[in-house]
Amino acid sequence: MRHIRYHDLRYSCASILYGLGYSLKDIQTWLGHSNYKFTADTYVHTEQGAHAARAERYGKDLEKLLAG
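Please read all numbers here as calculations on a predicted model, not as lab measurements. (Residues numbered from 1 in each chain as written. Predicted model: local features only at pLDDT ≥ 70, side-chain atom pairs only at ≥ 80, totals over all residues. Heavy atoms only, no water.)

This part covers the pattern of salt bridges. One pass over the structure, following the stated rule, counts 3 salt bridges. Where E56 meets K60, a salt bridge forms, and the shortest distance between an N and an O atom there is 3.3 Å. Here the residue E56 and the residue K60 both occupy positions in helix α4 (residues 50–67), the gap between them amounting to 4 residues, near one helical turn. Ionic pairing is found between D61 and R57, a salt bridge with its closest N-O pair at 3.8 Å. (Salt bridge = Lys/Arg side-chain N within 4 Å of Asp/Glu carboxyl O. Helix = DSSP H or I, 4+ residues; strand = E, 2+ residues; numbered from the N terminus.)

If you want it as structure tokens, here you go:
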């Protein structure tokens, strides 16, 4: 098994949580940072197409909200 540093797991955890839709504030709290800007700038890396996928999800959620 490949050696993985603890710090690498923090990067992966933050990026996965963000990809699952957790807010930067939630991730900041999870990692124990004093502010979410540091968390976003240092730990969270988005994958290609993530913004388009979130926009599509937002549109669908907004349609549901307005229909109900």
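Further remarks concern the nonpolar core. Counting 7 residues, the largest nonpolar core is built from A14, L17, Y18, I27, L31, Y43 and V44. Breaking this core down by element, the ones donating at least two residues are α1 (6–19) and α2 (24–31). Broken down by element, the residue count for this core peaks at 3 residues, all from α1. Not counting the four nearest positions on each side in its chain, Y43 is found in contact with H7, R10, Y11, A14, S15, L31, H33 and F38. (Core = buried A, V, L, I, M, F, W, Y, C linked by side-chain atoms within 4.5 Å. Buried < 20%, exposed > 50% of the residue type's maximum accessible area, 1.4 Å probe, protein only. Contact = heavy atoms within 4.5 Å.)

To continue, consider the environment of H51. Along the polypeptide, H51 turns up in helix α4. Considered as a pair, H51 and L31 are 20 residues apart in the sequence and their alpha carbons are 23 Å apart.

Looking now at the packing of α1 against α2. Where α1 contacts α2, the axes come no closer than 10 Å and their chain directions differ by 155°. Considered as vectors, α1 and α2 are oriented roughly antiparallel to each other. Classified by chirality, the crossing of α2 by α1 is right-handed. Each of R10, C13, A14, L17 and Y18 in α1 lies in contact with α2, whose residues at this interface are L24, I27, W30 and L31. (Axes fitted to C-alpha atoms, helices over the stretch in contact; angles between N-to-C directions. Parallel < 35°, antiparallel > 145°, perpendicular 65-115°, else oblique. Left-handed = near helix turned anticlockwise from the far one by under 90°.)

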